[in-house]
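Chain by chain, the residues:
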There are 8 protein chains.
Amino acid sequence: MNRAELDTLLRSVAAGETQPGDALERLAESPFADLGFARLDLHRELRSGLPEAVFGQGKEPDDLVAICRRLLAAHQRVLATRLEPRGAEALRAALPEATWHPRARVLTCGTPHAAKKCKVAVLVAGTSDLPVAEEAAVCAEWFGLGAERHIDVGVAGVHRVLERLPELRQCDVAIAVAGMDGALPTLIAGLLSVPVIAVPTSVGYGASFHGLAALLTMLNACAPGVAVMNIDNGYGAAVLAQRIASTGDRRALDT
Amino acid sequence: MNRAELDTLLRSVAAGETQPGDALERLAESPFADLGFARLDLHRELRSGLPEAVFGQGKEPDDLVAICRRLLAAHQRVLATRLEPRGAEALRAALPEATWHPRARVLTCGTPHAAKKCKVAVLVAGTSDLPVAEEAAVCAEWFGLGAERHIDVGVAGVHRVLERLPELRQCDVAIAVAGMDGALPTLIAGLLSVPVIAVPTSVGYGASFHGLAALLTMLNACAPGVAVMNIDNGYGAAVLAQRIASTGDRRALDT
Amino acid sequence: MNRAELDTLLRSVAAGETQPGDALERLAESPFADLGFARLDLHRELRSGLPEAVFGQGKEPDDLVAICRRLLAAHQRVLATRLEPRGAEALRAALPEATWHPRARVLTCGTPHAAKKCKVAVLVAGTSDLPVAEEAAVCAEWFGLGAERHIDVGVAGVHRVLERLPELRQCDVAIAVAGMDGALPTLIAGLLSVPVIAVPTSVGYGASFHGLAALLTMLNACAPGVAVMNIDNGYGAAVLAQRIASTGDRRALDT
Amino acid sequence: MNRAELDTLLRSVAAGETQPGDALERLAESPFADLGFARLDLHRELRSGLPEAVFGQGKEPDDLVAICRRLLAAHQRVLATRLEPRGAEALRAALPEATWHPRARVLTCGTPHAAKKCKVAVLVAGTSDLPVAEEAAVCAEWFGLGAERHIDVGVAGVHRVLERLPELRQCDVAIAVAGMDGALPTLIAGLLSVPVIAVPTSVGYGASFHGLAALLTMLNACAPGVAVMNIDNGYGAAVLAQRIASTGDRRALDT
Amino acid sequence: MNRAELDTLLRSVAAGETQPGDALERLAESPFADLGFARLDLHRELRSGLPEAVFGQGKEPDDLVAICRRLLAAHQRVLATRLEPRGAEALRAALPEATWHPRARVLTCGTPHAAKKCKVAVLVAGTSDLPVAEEAAVCAEWFGLGAERHIDVGVAGVHRVLERLPELRQCDVAIAVAGMDGALPTLIAGLLSVPVIAVPTSVGYGASFHGLAALLTMLNACAPGVAVMNIDNGYGAAVLAQRIASTGDRRALDT
Amino acid sequence: MNRAELDTLLRSVAAGETQPGDALERLAESPFADLGFARLDLHRELRSGLPEAVFGQGKEPDDLVAICRRLLAAHQRVLATRLEPRGAEALRAALPEATWHPRARVLTCGTPHAAKKCKVAVLVAGTSDLPVAEEAAVCAEWFGLGAERHIDVGVAGVHRVLERLPELRQCDVAIAVAGMDGALPTLIAGLLSVPVIAVPTSVGYGASFHGLAALLTMLNACAPGVAVMNIDNGYGAAVLAQRIASTGDRRALDT
Amino acid sequence: MNRAELDTLLRSVAAGETQPGDALERLAESPFADLGFARLDLHRELRSGLPEAVFGQGKEPDDLVAICRRLLAAHQRVLATRLEPRGAEALRAALPEATWHPRARVLTCGTPHAAKKCKVAVLVAGTSDLPVAEEAAVCAEWFGLGAERHIDVGVAGVHRVLERLPELRQCDVAIAVAGMDGALPTLIAGLLSVPVIAVPTSVGYGASFHGLAALLTMLNACAPGVAVMNIDNGYGAAVLAQRIASTGDRRALDT
Amino acid sequence: MNRAELDTLLRSVAAGETQPGDALERLAESPFADLGFARLDLHRELRSGLPEAVFGQGKEPDDLVAICRRLLAAHQRVLATRLEPRGAEALRAALPEATWHPRARVLTCGTPHAAKKCKVAVLVAGTSDLPVAEEAAVCAEWFGLGAERHIDVGVAGVHRVLERLPELRQCDVAIAVAGMDGALPTLIAGLLSVPVIAVPTSVGYGASFHGLAALLTMLNACAPGVAVMNIDNGYGAAVLAQRIASTGDRRALDT
């Protein structure tokens, strides 16, 4: 049920054409798909712009397949992240038309989202941060954004970023992925004027405390305007980029 | 020195009209204003879209006045945040034309930034979170954005947010400010499709650990697309909102 | 030995019918069952309303069987939680009449507790929180309470809870189980007037720190009256619900 | 607006007697009192059983007086906690009929809540924990519960608790307040069958980390069924006790 | 080289009978046994009362055997703790006369230390704490102390400790081993006048944080005079008990 | 009431000479002194060897005086620690015969405990650790032990300890007080065979985290047999030393 | 491209012999080797004195081989650390001329760095710290420094260090590797006048928190002048030693 | 007593010219100055290259004066750091010839250390980090090193560092002082080949946790060879720089 349909229903109640009880029932039953072990939120796209994604970690293969199938039926597309080997295998068997992105551990199936005029620069401090960065990039592309990877551009070799500045200045949003000292977003936010989304990774020696060090660095970035994500959460970065792109598009349309 | 001027200088070196040494000197000296105890970054706006702001906390009144005067001379505007009583007093005496925002502890002076077509909804979980929220709102307005406050809309009284939904759906960016359990951004990001900027505050009982609890909640928000700021950092939220607005504007212009 | 028996014994000492030494011996020996590697507390029900339960994690299968058998003999019922595969298998072989609840990893055997007139709503934020929620629900049912599951009702999709309000308003106690941001109990305690028991789970990305984030959120819930449990402790939530039900029953009887 | 009034309004919309827009306005405007710097939730009692209380800490005296007056007008009663000296003084001057509880730093004004048949035992580990315990006891009494203080009954002198057992066995709910090692709730929950509410306090030597040690102890209580509160949150304990009393009462009425 | 021999050597230098260089060499070479990958401290007993023990965890089986053999040769006895399966197996094969204590994961070989007139009560809160408690008890016995186990005497069932008081009052030192809330040492130190050694274990639900909760509880024990050990360090508790026993013996001898 | 009196009473109940109810009353009322705001534990010495001490921090001057007077009446001696200026002043005025130890912030009054044949070496790493060390030394002396201070003997200047070895070898118990790196106890426990009591202090630069660093160092001391106290808890160290001395004495008597 | 070549190029631009665009291209392309999944920094040696090393942990064997080959081609040498079994095996097969250091988990291949006149003393507190210490020693030797191991010289047996003083006084830099209490660097920095590099290891019982305790100890070392590394980071210690050696050499050359 | 004198004494013992007891006494008494409340380590320079400095924080003014006078008498120079206003005032009155460095809160008196050929670059991320940086610079100058300040060169404005590269390349040691994100040392260690000493400061918003964030960043610096100091410990950085300079000098002399 989209916004227009909702509006019609409410006016119909006021007009006495629909009984309040009937309306209640329709509103109550429609937005969820009950699978017994899960209740899918089919109206999420209506409210927050993107349909529910499937968090694969810890889910049983059979449940994963059932959830993905149901969401695919409802939205003609589905995105699953953090897939573990068994889950990925089951999904690929059940949905042979799906695309599997091994480095990102992401599976996409169905029609991608409509392309948006928004270029995302995905900056990666070190090679070990690649899986998280790929999750961000693959999801951003799935959401219709352009994603350009820049690998091994950490602060320890500042020239690697500086030589990329001309390209970076063309992007609309920057996602900076870094573990260890997590210093990359500060550098980027000091060089560019676009929103910088910072994703700490759990990569590092002992005192990185599984990403805590990088997370704190990013929260304390000296350059203001840095949006911090949870540790290893590349998907969240892509969603925020999509929200930024959408809000810009809408404002452009309003003009 | 803006981008065009820079370009001219470099071409002049290549043409042999300017000696490399002379060019070096000009480039080296220009972008900074050296006050002895501080070196102001006059090119920050060129690079990252906003001029350097003054972090008032812990600065000596005399230094504050000198810094603000120098930035005002360079940019025709200055913004000072986190002002302590003595600093605020000194600045207000030295810059009688400035505006003092007491609840936000912010001082603005000079020409505000050009207005942008971007509405920011500033949602405040509880009354005690107001100073941080005001810092965000005042700064956003200074950067040319529209800021609409929504006070006391915490999750514990979810109807207070729900009745605001029609207005909230008009905003381009939402800033959610909350202490204690910090649950507000999850709720908002589940209801709106715009970027949600989450600012944890240091308000709360013992186990809030001066904002750590709210910070962790926001980093773990179940609704994706939440941009988390440092504790009590309303200014950072406003800068991110400004960056989002700018990137949208630019993309609109490109069309 | 129940309260009445205890009273008789003490009076008998005062009357000179029983020697203090003999009474001492009876009192000293009776309340425990010594298995060598464990001393079971057979009087726990007398004191605190429920017999000792068996915490299965880390116990050797043989020990588990011996403990459960001894408690079964004493109380005609036994409850074992957190069973690991080997332990569950051994118990199911040794006690074929037992019921095994696989998702909750709980085994019950013997006569359930007498039914109480108390409905418990078990609210589950996300599918991954199900095992903990099931532990709470199965234990509550074993203690004679009614348990109603509400799955996928997290704050990120607030409408999923709101549509359940009529049913939720019928419950006597609510147990809210959530990982990640742990925001659910705040929402529930703001909507209902019954006691809300909050169980944080260890589900989440890096900065959930194995449930610490959800735990802190719940301790800082803006809505007062939230009873917080240890991370993943569904059993504890059920025990508290049972205590709440019992105290209400007793006061009802007193009338 | 109470439940009955709400029901009437909704039926009137369905009957065409009230325009949806008018109904919206009435519903939108009524449940809140907007004071400019705060929006009071006048419907909280309707939803969650108790009217909004005033958290005094950090609030300006004038704001405190305005908020208390408005709530008093709406509910004929008001409760303010965590009052600092200046705030308490202002309130006592503005509301001379109010009662000031200095040790608890609580002010009550107006008609207390109707008495409930529920005895709360407030157990206090050490003298330094008294302010938090008094906050719990005073609030419980204000909510219509009976509160019986038991001072200096910490685990280090276990006989002090044991000699109180006959009295303690008469209570319906126990609130155990303790700092330092926070061991009291485990002991109490092992001795009584009623719900035990545990309140850690910030009292202690260095490694108590302002109450963290006691908080962790209580979350890990070996005796199950312990409801843990935030550090120093006596008020929250009283609210939970009130909710337990209410749910019992309701079930008693249902019989 | 014992104290007497050392004294002789030094006097001999002063008398000119031994060259300083020669003395230096003797002193330098003697107290260590160099195995290439380890340098054993053969004088530790001379200085601190007990020979070096072998910490088995993480050591290669071959290295373990070499170290134990060398220490056995030097002291006619050896004690190895925290043995992992492979190490234990290798040691038992290499030293068939050794005694293997499986629950404690401790191996002892050679002549036990001379018996001391000192009774140690080892109190164990729960069955899961047994391995740590056994490590303490086995080591204490090896050091010549008497060790009496008291299992399942946690605070949640306080009567289990109280019935043991007559026996406990006979002990010279108490070792209290507890995980989860770690409340046992407070109780014991309030009941007995002997030194209480507290050993936190890593047993517990999520918020025990692998023993941190119990550790903090013990450091904050309300009853003074509690000696706290590292998490799971039963061996350390036994060494402290041995030191207490020795110092008492020495003072007894001095009389 | 001491042990002998207790024994007589119990036999009298068995003989029918005393009614159980009367006995109950005598037992219930005697061991506590109720001051309204506190219940003093007058039997603590009976159970745990030392009478209750008064923790001065945070107590009101009037309460302090009342408590000290009552304990003085019961035991003919009283010890108050952690006295703040106002409390110390009030006590010294009320008890002019008391002794005030300014550096230790301790007040003693009445008959000291009987001297015990036990020498305590109090080792102090740095001058800033002196107040905590003095608290330990003054309390130990009050308990009848001999206390010998060794100042500025931290590990950074290892020769300062080594030159003291002959004296240190005469002590029965060592108390090592250190902030910053907290390394002193490891060194001492490696050099002496007596029990080593480690007291971390809150002295240090930022990353000492108010004593946490020193506390962790001591818990991880490589030399086994170190008894760790709470941060800054010199009093606790003295109590443990007293317990060690007592247990030795008792065993000496038994011979 | 080395410094001289760079200088020539820049002068050529100024002389009009090279077009700025051509120069840009040469500078932009040269310093990196792009392998698709990684961009190697071939100029790192130019800037920071040592070529990029390969962090083996978590890297795929094939990627490891490709990276090592490329660096070997560029620099005629390569160093790989933290190699896991599969990676080590693949590298040894692909580079049969390489040297494999099993205890250090380090592989070196090609021409070692030119020998420097700098002796490094590597002090190891306990046998379990050996792998980290070996990583430091092997890397230091690869960098051309002399490395002398001193095993089992922890503070608990202070004589083991003291007897080594004559040798230790000959070293130019000391690296102190320690887990558990991490006290060794304080001792060393108090005895020697050279730079002391402290490496905490993750070795220890529960409350070492995987090296956090040792790390904090070292940061708080009472003896000033201690350089602290990340937990288990032996390689970092070697790099710092190499930098210290280089700066000394350079100053020596300047003379 | 210097090394030569020590050598003579020992030979004299061997020759029978000095009794061992007399030698013992001389050795025992000489290296310390006992002031009652402190024992100064007069041999520290002999062992570790620099005389004891005075840590001013928390010391009583009279004690400070006595300590400084005694050290001045022994070494003809004294350095006091972390002076609080009262202490600074007292010292300046007592030692009118001393130099007071207000921003660094450091006082120096007497003959500075001999100048060394070693240039230290002190890099300061932000103005608020100046006091810590000044402490480092003033102490380094006192130790005879050259110190060059570079203010406001944080990573957020990377050009400010890059334009300083020619000067920075001349330094022998770099000290990088930064709060908030603490990213500066990574950048510097990637650009220079000299030892980089990193000093985190306690400057920052909430989630800097008083310097913890910057500390962790520096420990995790991606560029290897960074020596990390305690939070705000500028003095420690200067001592390490002095040790590096000395070791280089010595090796230069050896040539």
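See above for the structure.
These numbers were taken from a predicted model, which means no experiment stands behind them.

Parameters and conventions
- Residues numbered from 1 in each chain as written.
- Chains lettered and ligands numbered in written order.
- Predicted model: local features only at pLDDT ≥ 70, side-chain atom pairs only at ≥ 80, totals over all residues.
- Heavy atoms only, no water.
- Pairing = 2+ DSSP bridges.
- Helix = DSSP H or I, 4+ residues; strand = E, 2+ residues; numbered from the N terminus.
- Least-squares fit on C-alpha atoms with pLDDT ≥ 70 in both.
- Contact = heavy atoms within 4.5 Å.
- Buried area = accessible area lost by both parts, 1.4 Å probe.
- Salt bridge = Lys/Arg side-chain N within 4 Å of Asp/Glu carboxyl O.
- Polar contact = N/O pair within 3.5 Å; in protein donor to acceptor, adjacent residues only side chain to side chain.
- Nonpolar A, V, L, I, M, F, W, Y, C, P; charged D, E, K, R; others polar.
- Phe/Tyr/Trp six-rings, centres within 6.5 Å; stacked < 30°, edge-to-face > 60°.
- Core = buried A, V, L, I, M, F, W, Y, C linked by side-chain atoms within 4.5 Å.
- Buried < 20%, exposed > 50% of the residue type's maximum accessible area, 1.4 Å probe, protein only.
- Expected span 1.5 Å × (residues − 1).
- Axes fitted to C-alpha atoms, helices over the stretch in contact; angles between N-to-C directions.
- Parallel < 35°, antiparallel > 145°, perpendicular 65-115°, else oblique.
- Left-handed = near helix turned anticlockwise from the far one by under 90°.
- Right-handed = clockwise from strand over helix to strand, strands pointing away.
- Disulfide = S-S within 2.5 Å.

On to the sheet that holds strand E5 (residues 99-101) of chain E, then. All names here are of chain E. Reading across the sheet, the 4 strands line up as E3-E4-E6-E5 and stay open at both edges, with mixed pairing between neighbours. Of all strands in the sheet, those with a lone pairing partner are strand E3 (54-55) and E5, marking the two edges. Looking at chain direction, E5 and strand E6 (residues 106-110) are connected through 3 bridges and run antiparallel. The residue of E6 that forms the bridge with His101 is Val106.

The next thing to look at is the relation of the copies chain B and chain A. Of the two same-sequence chains, chain B is brought onto chain A (RMSD 0.1 Å, axial shift 0.0 Å) by a rotation of 180 degrees. Both copies are brought into coincidence by an operation consistent with a two-fold rotation axis. The position closest to the rotation axis in chain B is occupied by the C-alpha of Gly248 of chain B, lying 1.9 Å away. Comparing interface residues between copies, 100% of those in chain B also sit at the interface in chain A, which points to an isologous, same-surface contact.

At the junction of the two partners, chain G supplies 43 residues and chain H supplies 43 residues. Taken over both partners, the interface formed by chain G and chain H buries close to 3600 Å², and the fraction arising from carbon and sulfur atoms is 50%. The interface formed by chain G and chain H contains 0 salt bridges. On inspection of chain G and its partner chain H, the count reaches 13 residue pairs in polar contact (both at pLDDT 80 or more). Elements supplying a minimum of two residues to the side of chain G that touches chain H: helix H3 (44-48), helix H9 (184-191), helix H10 (212-219), strand E11 (226-228) and helix H11 (234-254) of chain G.

We now examine the interface of chain B and chain A. Contacts between the two partners involve 43 residues from chain B, matched on the other side by 43 residues from chain A. The contact between chain B and chain A buries some 3600 Å² in all, and 50% of this surface belongs to carbon and sulfur atoms. At the junction of chain B and chain A, the tally comes to 0 salt bridges. Viewed at the interface, chain A and chain B are joined by 13 residue pairs in polar contact (both at pLDDT 80 or more). Those elements that place two or more of their residues in the side of chain B that touches chain A are helix H3 (44-48), helix H9 (184-191), helix H10 (212-219), strand E11 (226-228) and helix H11 (234-254) of chain B. Looking at which element gives the most residues to the side of chain B that touches chain A, the answer is H11 of chain B, with 14 residues. Residues that form the side of chain B that touches chain A fall into these classes: 21 nonpolar, 12 polar and 10 charged.

Okay, the packing of aromatic side chains next. Within a pair of aromatic rings, the relevant descriptors are the distance that separates the centres and the angle that separates the planes. Per the counting criterion, the structure on display carries 8 aromatic pairs over all chains. Centroid distance Tyr205 of chain B to Phe55 of chain D: 5.4 Å. Interplanar angle 40 degrees. Geometry classified as tilted. Residue Tyr205 of chain B is located in the loop between strand E10 (196-200) and H10, and its partner Phe55 of chain D is located in strand E3 (residues 54-55); the two belong to separate chains.

What follows concerns the nonpolar core. Counting residues in hydrophobic clusters, the biggest one holds 288 residues, and the most contacted among them are Leu184 of chain B, Leu184 of chain C, Leu184 of chain D, Leu184 of chain E, Leu184 of chain F, Leu184 of chain G together with Leu184 of chain H. If we skip the residues at most four places from it in the chain, Leu184 of chain H touches Leu123, Val124, Ala125, Val153, Gly154, Val155, Val161, Ala176, Val177 and Ala178 of chain H. If you look at the next biggest cluster of nonpolar residues, it comprises 119 residues, including Phe37 and Val54 of chain C together with Val122 and Ala238 of chain E.

Of note, Arg169 of chain F is situated in the loop between helix H8 (165-168) and strand E9 (173-178). The sequence separation of Arg169 of chain F and Leu192 of chain F amounts to 23 residues, and the corresponding C-alpha distance is 6.6 Å.

All names here are of chain B. For helix H6 (residues 130-142), spanning 13 residues, the distance from its first C-alpha to its last is 18 Å, which sits close to the expected 18 Å at 1.5 Å a residue. Most of H6 is tucked away: 11 of the 13 residues are buried. Along H6, the residues that are buried comprise Leu130, Val132, Ala133, Glu134, Glu135, Ala136, Ala137, Val138, Cys139, Ala140 and Trp142. Within two residues after H6, Gly144 carries a phi angle of roughly 95 degrees, on the positive side.

A few words on the packing of helix H4 (residues 61-75) of chain D against helix H5 (residues 85-94) of chain D. Residue and element names in this part refer to chain D. At their nearest, the axes of H4 and H5 sit 9 Å apart, and the two run at 45 degrees to each other. Relative to H5, H4 is oriented oblique. Relative to H5, the crossing made by H4 is right-handed. For the pair H4 and H5, the contacting residues are Pro61, Leu64, Val65, Cys68 and Arg69 in the first and Arg86, Gly87, Ala90, Leu91 and Ala94 in the second. Of the residues in the contact of H4 with H5, the class split is 7 nonpolar, 1 polar and 2 charged.

Looking now at the pairing of strand E9 (residues 173-178) of chain G. Residues and elements named next belong to chain G. In terms of burial, E9 is largely enclosed, as 6 of its 6 residues are buried. By the alternation rule, side chains of E9 split into Val173, Ile175 and Val177 and Ala174, Ala176 and Ala178, which are all buried. As defined by bridge partners, E9 adjoins strand E10 (residues 196-200) across 5 bridges and the pair is classed as parallel. Considered in E10, the bridge of Ala176 is made with Ala198. Between the parallel elements E9 and E10, the chain passes through H9 in a crossover that is right-handed.

On to the side chain of Glu134 of chain C. Residue and element names in this part refer to chain C. Along the polypeptide, Glu134 turns up in helix H6 (residues 130-142). A distance of 2.8 Å separates polar atoms of two side chains, one belonging to Glu134 and the other to Arg149. Setting aside residues no more than four positions away along its own chain, Glu134 makes contact with Arg103, Ala104 and Arg149.

Backbone geometry at Asp152 of chain F places phi at a positive 60 degrees, although glycine is not the residue there. Along the polypeptide, Asp152 of chain F turns up in the loop between strand E8 (146-150) and helix H7 (158-162). Within the chain, Phe209 of chain H stands out as a residue other than glycine whose phi angle is a positive 45 degrees.

Another point: the environment of Asp152 of chain A. All names here are of chain A. On the accessibility criterion, Asp152 (6% relative accessible area) is buried. Distance from Asp152 to Ala178, taken between C-alpha atoms, is 9.7 Å for residues 26 residues apart in sequence. Polar contacts involving the side chain of Asp152 include one to the side chain of Thr127, which spans 3.4 Å.

All names here are of chain C. Counted by the stated rule, this structure contains 0 disulfides over all chains. Looking at Cys109, it has no disulfide partner, and the nearest cysteine sulfur is the one in Cys68, 8.1 Å off. Residue classification places Cys109 among the buried residues on the basis of a relative accessible area of 2%.

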